[in-house]
Amino acid sequence: MERLKVSDANLVVYVHPSKSRRVSQAILRELSSLLLKFHEVFDAVVLAYDVEIVDKIAKNLPGLHPYFGVRLNAKLLLFSPKPNMLLEGKVVKLTQESIHIIVLGFASAVIIGEDIREDFRYKNKNGKELYCSRSQKHHLIKVGMMIRFMVKSLDEEILHISGSLLPAHTGSISWLDKNSTEISTTDRSLPCFSSSGADMCHHIAVTVQKAEKRERSTDGL
C-alpha cells in the first residue's frame, strides 16, 4: 500500500559501555524494541529497519549516566493507516453484526454492522458464514478471503483499526479486480496495498537478519 512506505531517519542510540565490544548487536536490539509499535515521532507503526552507523567515534553522555551515543542513518518501513484510505486484509471471522480482519499479519480490524452497506446480506449455509451481495450474486465475503475496506479510525495503543464497507469500491478483492472497471480518478488516488511495499519489507527484513547473523558470528570468535 502507499501508506506502507520507507522513510529516512537520523537516530541516536545510547549504548552502555559494557556493550562496547558488541555495539552493532546492542544497536540492533535497541532498534528491535521499536518494531510493531505506534510511535508519535513517526506518526506510524515501525515494521522494519535498515541502519548505517554515521560516526566511528561515539560520544559520552554528560552527567552521571555512563552511556554513549551512536549516530545512525536509518531506513524505516512505516505503516500509517489514516481515515478514508483503503486497506486490504484477510477475513478471519464473520458474524451477523461484524467482519473481523487481519492486516499485514499483525494489525486487527473490525467492520461493524452499521458500516457494512445494505447491499451485503449475512447468510449461514450449513454452518459456513458469509456475506453475499444482493445486486451481484457472485460478490461474496467469506473467512479466508482478502477484502478491501476503508479506514474509519485507528487505535494506536492496541493497533486496532475500525473499518467500513460503505463505499462501493470496497469488498472482495478478487471480485473487485474482475468487475470494477470504472474506478474514478479520486478512488485510484486513495492509498492501497501494492507489491512494492511488501517487497521492501522483505528486503529490509533480510538485511537485518544478515546483520544479526554477522554479529553472532563475530561473538563466537
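Parameters at a glance
- Every chain begins its residue count from 1, and numbering advances along the sequence as written.
- Local features in this predicted model are restricted to residues whose pLDDT is 70 or higher, and side-chain atom pairs enter the listing and the counts only when it is 80 or higher, whereas totals over whole chains, interfaces and linings include all residues.
- Excluding hydrogens and water, the side-chain figures rest on all heavy atoms present in the structure.
- UniProt positions are given in the numbering used here, feature names are shortened, and annotations may be inferred rather than shown by experiment.
- Patch membership is restricted to residues that have no salt bridge and whose relative accessible area is over 30%. Joining uses 9 Å for like charges and 5 Å for the nonpolar side chains Val, Leu, Ile, Met, Phe, Trp and Tyr.
- Using a 1.4 Å probe, the Shrake-Rupley method yields the accessible areas, and only the shown protein chains count as cover for residues.
- Every case where a carboxyl oxygen of Asp or Glu lies within 4 Å of a side-chain nitrogen of Lys or Arg is listed as a salt bridge.
- When charges are counted, Lys and Arg contribute as positive and Asp and Glu as negative, whereas His and the chain ends are disregarded.
- Charge placement uses NZ in Lys and CZ in Arg. For Asp and Glu, CG and CD serve respectively.
- In this scheme, a residue with accessible area under 20% of its type's maximum is buried, one over 50% is exposed, and one in between is partly exposed, where area comes from a 1.4 Å probe on protein chains only.
- The pairing test for Phe, Tyr and Trp rings, Trp by its six-membered ring, is centres within 6.5 Å, and the orientation test on the planes gives stacked under 30 degrees, edge-to-face over 60, and tilted for anything in between.
- Counting from the N terminus, the helices are the DSSP runs of H or I reaching at least four residues and the strands are the DSSP runs of E reaching at least two.
- Here, the term nonpolar core denotes a set of buried Ala, Val, Leu, Ile, Met, Phe, Trp, Tyr and Cys residues that are joined through side-chain atoms within 4.5 Å.
- Those domain boundaries reflect an automatic or database domain assignment.
- For two strands to be treated as a pair, DSSP must find no fewer than two bridges joining them.
- To obtain each axis, a line is fitted to C-alpha atoms, and for helices this fit is confined to the stretch in contact; angles are then taken between N-to-C directions over 0 to 180 degrees.

Per an unreviewed UniProt entry, the chain is named DNA-directed RNA polymerase subunit, and its organism is Punica granatum. The annotation that UniProt attaches to the chain under Subcellular location (unreviewed entry) is "Nucleus". On record in UniProt, under Function (unreviewed entry), the comment for the chain is "DNA-dependent RNA polymerase which catalyzes the transcription of DNA into RNA using the four ribonucleoside triphosphates as substrates."

> Teacher, can you tell me more about a positive patch on the surface here?
Residues R121, K125, K128, R134 and K142 make up a contiguous surface patch of positive charge. By relative accessible area, R121 is classed as partly exposed at 37%.

> Looking at this structure, how should I read the packing of aromatic side chains?
Where two aromatic rings form a pair, the distance of their centres and the angle of their planes describe that pair. By the definition in use, this model includes two aromatic pairs. Look at F79 and F106: their rings are 6.0 Å apart centre to centre, the planes differ by 80 degrees, and that puts the pair in the edge-to-face class. Within this pair, whereas F79 is found in strand 5 (residues 68–79), its partner F106 is found in the loop between strand 7 (98–103) and strand 8 (107–112), the two being separated by 27 residues in sequence. The exposure class assigned to F79 is buried, which follows from its relative accessible area of 2%. For F106, a relative accessible area of 24% gives the class partly exposed. A ring pair is formed by Y122 and Y131, whose centres lie 5.6 Å apart and whose planes are at 65 degrees; its orientation type is edge-to-face. Like Y131, Y122 is buried.

> Can you help me understand the nonpolar core in this one?
Inside soluble globular proteins, nonpolar side chains tend to come together where they are buried. By size, the foremost hydrophobic cluster in this structure holds 28 residues, and its most contacted members are F79, I99, V103, I141, F149 and I161. Elements with a minimum of two residues in this core: strand 3 (44–53), strand 5, strand 6 (86–94), strand 7, strand 8, strand 9 (120–125) and strand 12 (146–155). For this core, the leading source of residues is strand 12, giving four residues. A domain split of this core shows at least three residues from each of domain 1 (4–79) and domain 2 (85–180). If you look at the next biggest cluster of nonpolar residues, it comprises 17 residues, including L11, V13, A26 and V46.

> Help me understand the sheet that holds strand 9 in this model?
Across a sheet, paired strands are connected by hydrogen bonds in the backbone, their directions being either parallel or antiparallel. Across the sheet, which stays open at both edges, the three strands sit in the order 9-10-11 with antiparallel pairing between neighbours. The sheet is open, and its two edges are formed by strand 9 and strand 11 (140–142), each paired on a single side. For this sheet the average axis-to-axis angle between neighbouring strands, irrespective of direction, equals 25 degrees.

> Even after reading the chapter, I still don't get the pattern of salt bridges, so can you show me in this structure?
Working definition: two side chains of opposite charge can pair if their charged atoms are close together. Taken as a whole and assessed by the stated rule, the structure comprises five salt bridges. The residue R148 makes a salt bridge to E88 at a minimum N-O spacing of 2.7 Å. Placement of the pair is R148 in strand 12 and E88 in strand 6, with a sequence separation of 60 residues. For the pair R148 and E88, one class covers both residues: buried. Salt bridges sharing partners connect three or more residues here, namely E88, R148 and D177.

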